[in-house]
Amino acid sequence: MFQDNPLLAQLKQQMQENLPKKEGTIKATEKGFGFLEVDSKTSFFIPPPYMKKCLHGDKVIAIIRTEKEREVAEPESLLEQNLTRFIGRVKLFKGKLNVAPDHPQLKKQSLKAKVKKGLNPEHFAEGDWVVAHLIQHPLKGDNGFMVEISEKITDANDKIAPWWVTLAENDLPNSEPAGLDTWEVKDDADLERIDFTHVPFVTIDGQSTKDMDDALYAKKNANGDFELTIAIADPTAYITPDSEMDKVARERGFTIYLPGRNIPMLPRDLADELCSLMEGEVRPALCCTVTVSKDGVIGDDIKFFAANIKSHARLVYDHLSDWLENGESPEWQPNEEIAQIVRDLYEFSLARAQWRQANAVVFPDRPDYRFELSEDNDVIAIHADMRRSANRLVEESMITANICAGKTLQAAFGCGVFNTHAGFKPEKIADVVALVNPDGDLPFTVESVATLEGFAALRRWLGQQDTSYLDNRIRKAQAYSEMGNQPLPHYAMGLDIYATWTSPIRKYGDMINHRMLKAFVLGKEPVQTADDTVGEELALHRKHHNMAERKVGDWLYARTLAEAPANETKFNAEIFDISRAGMRVRLLDNGAAAFIPGSMIVDNKERLECNGESGTVAVDKELVFRLGDVLEVVLVDVNQENRSLLAKPTQVFAPVKTVEAVNAETITAETSAEETATKS
């Protein structure tokens, strides 16, 4: 008799209207229930039946009611859905299409699906990777969730899935742009290219590098100074700002570098062939000459010009490093002319490195981790490559070239594409000074570290300390590196100006700077300048590329280290982050990141304090770990579905309480373990 009773429905509505409501974000759990996170201190339990109307990450308004003497939240209306376009895997239930989102909090959420018009549902099998869009949501008044599959990425067991899925997730291209049948030089009619083919330039790259974009030449004078010439490949000779190819390059922003492969910004026939500074081939280039003193000071005689150049020798990093460090290389024996050029380049790099050590900021040496893959995309090995003499030689040459470009663009136009860094966040400066100079006996003050010189001096001082603890502590107080059109300092490098132009094959911002530098050479206004939006645009590209690189790496690490827990393999690891929940460490052998929860440090949480603010971990009030510490760990779980690693220290912290007391605490804790674990 009460079914469809309008009075009863009206009464229920009035009761709900009188109940308090809260706005918050949904936090789902693997066990079906969830929480409404109102702020950092307030949350409400959401029972499983109510969670069926929302998804992890949704922003909602929820009714707060009391059920079984407990306040719970019932999501009522949707403010913002978290899931729109997403990556998922096909699930088939009784032959009907469903999609499970590829997200740690959503993997067990299987959503009904249909395919976009033009796709055949018969072409989708269990486990296939797809791009999908959420088109129905219960809190919008729809009858349940519904997604539409717009694209199949790859088959369920395709070994190349880490690359294709990650690129699709970040909406990035998975192939090179299409080239042209013929490429023509489209230089400004007034641009005269100097014939520099007689100058014995050398290129220095990796063994497999094809897009060689820089060539170097140096000559040491009788007084010990160096005449340095940097020649950079010039794709802007073929690509004009108003062309379709330029639009493609701008949309991509950068060449995408992923473990084991790259997706070029420009067509390979241009990047790897026509523009690549191959040995013995004449190529158009933009060049810069400058004198660098024997003390490493860059002179004022910076000169940019367009030229046709020819590489006289293709050198490989490791072979050249062997020759520089050991006096010989089994794989490379130069003639005397090339040998002398390399010696002069090396001496120049030492002078510049010494100057930067004393006056700017030099980053500490850390390995670059490189995946070696088989032809069928299995990981053969993970190499930890340290920078060697030849790498540093090229690095100093490129830094010098980019300083020269920054100074020239600043003086000529007052704008360009500049790499900048603002130092410490203003609101964090006082905390930094209090941390590094608590007694006031060091020359670091709030005023000094706000300047480029003071910031660089502090960074040099941190680099001289016995541990990296303080360095790690203050990193969160630093601003992020940025790209913009204003000539601002780069605090992190300790430089007052920095504008890259040395990789136009791989960076669109460098193409813009090339065009502006050519305009400077011609004494004209640039055909293209760096507008106010270019920095944000390029930064967004770089962010997505970095995310993609990291995610593919996580996937490959999970594949490669799958057997490590069973084998009880021991790794040395460096702590790079500490939070209330535990520590994040990087395995020094291979670069993989792993999480050590507090329960893996000591099994009684009352004995443990993980302090993210101070970057320390204490057991029984005794300090046991700090940021930057290296410890021995073993992996206890490798979750290939979530691509995550769980580790624990091999060091055991003995209990200080009786066994009976610990057991009693454990029993008490287990009675509310489900809620406590989820809330934390």
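What you see is a predicted model, and the numbers here were worked out from it, not measured in a lab.

Caption draft 1: Layout of the overall build of the chain. When its secondary structure is counted, the chain shows 18 helices and 29 strands. Its C-alpha atoms put the chain at 100 × 65 × 50 Å along the principal axes. Across the chain, every contact between residues at least 6 apart in sequence was considered, and the portion connecting residues at least 24 apart equals 66%. Carbon and sulfur atoms form 48% of the exposed surface of the chain, whose accessible area is close to 34300 Å². Between the mean site of the 79 positive side-chain charges and the mean site of the 107 negative ones, the chain shows a separation of 5 Å.

Caption draft 2: Structural view of the UniProt feature "domain: S1 motif" (unreviewed entry) in the chain. The positions UniProt marks with the feature "domain: S1 motif" (unreviewed entry) are residues 568–649. The span residues 568–649 is 5% helical and 61% strand by assignment, and the distance between its end C-alpha atoms comes to 12 Å.

Caption draft 3: Quick peek at helix H6 (residues 317–326). Where H6 is concerned, the buried positions are His-319, Leu-320, Ser-321, Asp-322, Trp-323 and Leu-324. Close packing links the buried residues of H6 with strand S11 (194–205), strand S17 (303–316), helix H7 (336–359) and helix H8 (389–412). Directly after H6, the chain includes Gly-327, whose backbone phi takes a positive value near 85°.

Caption draft 4: Spatial organisation of the confidence of the model for the chain. Per-residue pLDDT for the chain averages 91, and the proportion of residues at 70 or more is 94%. Contacts of residues 656–680 to residues separated by more than four positions or lying in other chains number 18 contacts, the stretch itself having pLDDT below 50.

Caption draft 5: Looking closely at the nonpolar core. Of all hydrophobic cores here, the largest spans 81 residues; its most connected members are Ile-204, Ile-309, Leu-320 and Trp-501. For this core, the element with the most residues is H8, which contributes 10 residues. Counting 43 residues, the second largest nonpolar core, distinct from the first, contains Ile-263, Phe-571, Cys-610 and Leu-635.

Caption draft 6: Molecular detail of the layout of surface pockets. Considering only enclosed or pocket space, the second largest pocket measures out at about 400 Å³ in volume. At the level of elements, strand S6 (85–93), strand S7 (96–101), helix H3 (161–169) and helix H14 (534–560) are the ones that each hand at least two residues to the lining of the second largest pocket. A class-by-class count of the residues in the lining of the second largest pocket yields nine nonpolar, three polar and nine charged. Each of domain 2 (92–158) and domain 4 (562–649) contributes no fewer than three residues to the lining of the second largest pocket.

Caption draft 7: Highlighting H14. Between the first and last C-alpha of H14 there are 39 Å, a value that for 27 residues agrees with the 39 Å anticipated at 1.5 Å per step. For H14, every residue scored as buried is listed here: Val-534, Gly-535, Leu-538, His-541, His-545, Ala-548, Val-552, Gly-553, Trp-555, Leu-556, Tyr-557 and Ala-558.

Caption draft 8: Here's a closer look at the pattern of salt bridges. One pass over the structure, following the stated rule, counts 41 salt bridges. As a salt-bridge pair, Asp-378 and Lys-159 come within 2.8 Å of each other at their nearest N and O atoms. Remark: Lys-159 occurs in the loop between strand S10 (146–154) and H3 and Asp-378 occurs in the loop between strand S18 (368–373) and strand S19 (379–385); sequence separation between them is 219 residues. The salt bridge partner of Asp-234 is Arg-193, with a shortest N-O separation of 2.7 Å. Placement of Asp-234 in the loop between strand S13 (226–233) and helix H4 (244–252) and of Arg-193 in the loop between H3 and S11 is noted, with a sequence separation of 41 residues between them.

Caption draft 9: Representation of the pairing of S13. Burial runs high along S13: seven of the eight residues are buried. Strand direction decides the pairing type here: strand S12 (residues 214–220) and S13, joined by seven bridges, are antiparallel. Bridge pairing links Asp-214 to Ile-232 in S13. With antiparallel pairing between neighbouring strands as the criterion, S12 and S13 make up a hairpin whose turn holds five residues, including Gly-224 at a positive phi of roughly 95°. Direction of pairing for S13 relative to strand S16 (residues 282–292): antiparallel, over a ladder of eight bridges. Bridging across to S16, Leu-228 finds its partner in Val-290.

Rules and cut-offs
Each chain has its residues counted from 1, following the order in which its sequence is written. Residues qualify for local features only when their pLDDT is at least 70, as the model is predicted, and side-chain atom pairs are given and counted only at 80 or more; totals for whole chains, interfaces and linings, by contrast, use all residues. Each side-chain value is derived from all of the structure's non-hydrogen atoms; neither hydrogens nor water enter the calculation. A run of H or I in DSSP becomes a helix once it reaches four residues, and a run of E becomes a strand once it reaches two; helices and strands are each numbered from the N terminus. Any pair of residues with heavy atoms lying within 4.5 Å of one another is described as a contacting pair. Residue exposure ignores everything except the shown protein chains as possible cover, and the areas themselves are Shrake-Rupley values with a 1.4 Å probe. We count Lys and Arg on the positive side and Asp and Glu on the negative side, and we leave His and both chain ends out. The atoms used to mark charge sites are NZ of Lys, CZ of Arg, CG of Asp and CD of Glu. UniProt positions are given in the numbering used here, feature names are shortened, and annotations may be inferred rather than shown by experiment. Residue exposure (1.4 Å probe, protein chains only): buried if accessible area is under 20% of the type maximum, exposed if over 50%, otherwise partly exposed. Per residue, pLDDT captures the predictor's confidence, and it can take any value from 0 to 100. Here, nonpolar core refers to any group of buried Ala, Val, Leu, Ile, Met, Phe, Trp, Tyr and Cys residues whose side-chain atoms link them within 4.5 Å. The way it works is a 1 Å grid over only the protein atoms, where trapped points that fit a 1.4 Å probe form a cavity and open points with protein on both sides within 12 Å along at least five of seven lines form a pocket, and then any residue with an atom within 4 Å of a point lines it. Grid points are joined across faces, edges and corners, and a volume is the space filled by probe spheres set on the points. Ten residues, namely Ala, Val, Leu, Ile, Met, Phe, Trp, Tyr, Cys and Pro, are considered nonpolar, four, namely Asp, Glu, Lys and Arg, are considered charged, and the remaining ones, Gly among them, are considered polar. Where each domain begins and ends follows an automated or database-derived domain assignment. Expected helix span is given by 1.5 Å per residue-to-residue step, counting one fewer step than there are residues. A carboxyl oxygen of Asp or Glu within 4 Å of a side-chain nitrogen of Lys or Arg is what we treat as a salt bridge. If DSSP finds at least two bridges between two strands, the strands pair.

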